[in-house]
Amino acid sequence: MKTQIGEDVHIAAAFLKAGELVAIPTETVYGLAGNALSEESVAKIYAAKNRPSFNPLILHIAQIAQLHNYTFVDEISMKLAEHFMPGPLTLLLPKKTTVPDITTAGSKKVAMRIPNQPLTLSLLAQIDFPLAAPSANPSGYISPTNATHVLEGLHGKIPYILDGGNTTVGLESTICEVANNIIILHRAGSVTASELSAVSGLEVINAAAYHAPDISDHSIDSPATPGQLKSHYAPHTPLFMGNIEELIQSHVGKKIAVISFYNRYEGVDNFILAPDHQLSTAASKLFATLRSIDQSDYDVILSEVFPNEGIGIAINDRIGRAQFILKH
């Protein structure tokens, strides 16, 4: 199969209606999209990514009103949707039978979002089904933030990549769930816990710290939401996260790439993500920088721990899951 890159929404829609897969741009990362209501199309997504079939997918829709077609929506979740959508927020909601079990990996809940990207919103308006769309890359590798990244990983496996340029946020969406009068944060992203709390009036608790039996119908090895596998977003080059000066000492004699917020270190190649000292800038450049380093001849990648606030929490989560120690 030849993979084309283009900006034609009509071509993308035609492939999707025919049951094929299309890579789509969003404000977060590029997604590998297929008809979320078609078991055959969803199976193609898992196959193209080599993604574990127990790892559920996010549904992408064009309008908030469409939430009611596929989920049972509570009042607080609707309030969050109206405030943050379109945007980098995904809501985990009880699913209706219109959504096949393969799409949610057997979960009774489904993750829903509206991407804030003009081309993809136009595409979604042209089709009468939601799009299941995990990141458009081989499972476990660094998420793609432009069409070239997608081509590098999926060339020959999909017919079309809808090119919307570089993503603006650069990290996957925040995933949250309203339950038992609190908000459970399943995945950190650019929509922060404090923002969710301010809009909802509810306390936000990290999913790892919340143990109510009715919140997740999955075990630790079978996540209820995407992006929860221990090893994820990982480059082929071994990556270590922590105190850079100490890490440099433990890798003496190696060719070292250092990822930092805005600091510069001696005797290594520095990849500074945010000369402007803005965490949002660092987030937007993280995955592209990891890919660039990984395609060079470095022996090891060392990364700072970023300020654990705002989107910095999400940056630390992604780098943490990319560490070499989790790949074995």
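Calculation criteria
Residues numbered from 1 in each chain as written. Predicted model: local features only at pLDDT ≥ 70, side-chain atom pairs only at ≥ 80, totals over all residues. Heavy atoms only, no water. Helix = DSSP H or I, 4+ residues; strand = E, 2+ residues; numbered from the N terminus. Contact = heavy atoms within 4.5 Å. Pairing = 2+ DSSP bridges. Axes fitted to C-alpha atoms, helices over the stretch in contact; angles between N-to-C directions. Buried < 20%, exposed > 50% of the residue type's maximum accessible area, 1.4 Å probe, protein only. Phe/Tyr/Trp six-rings, centres within 6.5 Å; stacked < 30°, edge-to-face > 60°. Lys NZ or Arg CZ within 6 Å of the ring centre and 35° of its normal. Parallel < 35°, antiparallel > 145°, perpendicular 65-115°, else oblique. Left-handed = near helix turned anticlockwise from the far one by under 90°. Nonpolar A, V, L, I, M, F, W, Y, C, P; charged D, E, K, R; others polar. Core = buried A, V, L, I, M, F, W, Y, C linked by side-chain atoms within 4.5 Å. Salt bridge = Lys/Arg side-chain N within 4 Å of Asp/Glu carboxyl O.

J.: So what about the environment of Ala62? Which residues, and what values?
T.: You can see Ala62 is positioned in the loop between strand 4 (58–60) and helix 3 (67–70). Separated by 48 residues in the primary sequence, Ala62 and Val110 place their C-alpha atoms 16 Å from one another. Those residues in contact with Ala62 that sit more than four places away from it in its chain are Ile114, Leu121, Leu124 and Ala125.

J.: Any details on the sheet that holds strand 6 (residues 109–113)? Residues and values, ideally.
T.: Strand order in the open sheet made by the eleven strands is 1-8-2-3-7-4-6-5-9-10-11, with mixed pairing throughout. With one partner strand each, in any of the chains shown, strand 1 (4–6) and strand 11 (204–206) form the two edges of the open sheet. Relative to strand 11, strand 10 (residues 182–187) runs parallel, the two sharing three bridges. Bridged to Leu185 within strand 11 is Asn206. Strand contacts of helix 2 (residues 39–49): strand 3 (31–35) and strand 7 (131–132), with the helix running at about 155 degrees to strand 3, the strand carrying the most contacts.

J.: Which residues make up unusual backbone geometry, and what are the values?
T.: The linkage connecting Met85 with the following residue, Pro86, adopts the cis geometry, with an omega of -5 degrees. In this fold, Pro86 is placed in the loop between helix 4 (75–84) and strand 5 (89–94). For Asn181, which is not glycine, the phi dihedral falls at a positive 65 degrees. Topologically, Asn181 is positioned in the loop between strand 9 (174–179) and strand 10. Assessed through its relative accessible area of 61%, Asn181 is described here as exposed.

J.: I'd like to hear about the packing of aromatic side chains, residue by residue, with values.
T.: Summed over all chains, the structure comprises five aromatic pairs. Look at Phe261 and Phe306: their rings are 5.7 Å apart centre to centre, the planes differ by 50 degrees, and that puts the pair in the tilted class. Residue Phe261 is located in the loop between strand 13 (256–260) and strand 14 (269–272), and its partner Phe306 is located in the loop between strand 15 (300–303) and helix 10 (312–321); the two are separated by 45 residues in the primary sequence. Taken individually, Phe261 and Phe306 each receive the classification buried, so the pair is uniform in this respect. A cation over a ring is seen here: Lys96 above Phe72, with NZ or CZ 5.2 Å from the ring centre. We note Lys255 situated over the ring of Tyr298; from NZ or CZ to the ring centre the distance is 4.9 Å.

J.: With reference to specific residues and values, describe the packing of helix 9 (residues 279–294) against helix 10.
T.: At a closest axis distance of 9 Å, the pairing of helix 9 and helix 10 adopts a crossing angle of 25 degrees. Taken as axis vectors, helix 9 and helix 10 run roughly parallel relative to one another. Viewed along their axes, helix 9 and helix 10 form a crossing whose handedness is left-handed. Residues Leu279, Ala282, Ala283, Leu286 and Phe287 of helix 9 form the contact with helix 10, whose own contacting residues are Gly312, Ile315, Arg318 and Ile319. Grouping the amino acids of the contact of helix 9 with helix 10 by side-chain chemistry returns seven nonpolar, one polar and one charged.

J.: Mind laying out the nonpolar core, listing which residues take part and the relevant values?
T.: In terms of nonpolar packing, the biggest core is built from 44 residues, with Leu80 and Leu196 touching the most fellow members. Not counting residues within four places of it along the chain, the set of residues in contact with Leu196 comprises Leu80, Phe84, Leu89, Thr174, Cys176, Ile183, Leu185, Val191 and Val204. By size, the runner-up hydrophobic cluster in this structure holds 30 residues, among which are Val29, Ile259, Leu286 and Ala322.

J.: Any details on the pattern of salt bridges? Residues and values, ideally.
T.: Counted according to the given criterion, the structure contains nine salt bridges. For the salt bridge of Asp317 with Arg318, the shortest nitrogen-to-oxygen distance reads 2.9 Å. By the burial criterion, Asp317 is buried, and Arg318 matches it. The partner of Arg321 in a salt bridge is Asp317, with the nearest N and O atoms 3.0 Å apart. With Arg321 and Asp317 both in helix 10, this residue pair falls four residues apart, about one helical turn. Each of Glu172, Asp317, Arg318 and Arg321 takes part in one network of salt bridges that share partners.

J.: So what's going on with the sheet that holds strand 14? Residues and values would help.
T.: Strand order in the open sheet made by the four strands is 12-15-13-14, with parallel pairing throughout. Because the sheet does not close on itself, it has two edges, and the strands there are strand 12 (239–241) and strand 14. Shown here is a sheet whose adjacent strand axes are inclined to one another by a mean of 25 degrees, direction ignored. Bridge count between strand 12 and strand 15: three bridges; the pairing is parallel.

J.: Describe the side chain of Ser77, with residues and values.
T.: Take Ser77: it is sitting in helix 4. With sequence-adjacent residues up to four places away left out, Ser77 is seen in contact with Leu91, Leu93 and Val178.

J.: A description of the packing of helix 1 (residues 9–17) against helix 5 (residues 118–126) should follow, citing residues and the corresponding values.
T.: It is at 9 Å that the axes of helix 1 and helix 5 come closest, and there the two elements cross at 45 degrees. Taken together, the axis directions place helix 1 and helix 5 in an arrangement best described as oblique. In the packing of helix 1 onto helix 5, the handedness of the crossing is right-handed. Contacts between helix 1 and helix 5 involve Val9, His10, Ala12, Ala13, Leu16 and Lys17 from the first element and Leu119, Ser122, Leu123 and Gln126 from the second. Its residues assigned to classes, the contact of helix 1 with helix 5 comprises six nonpolar, three polar and one charged.

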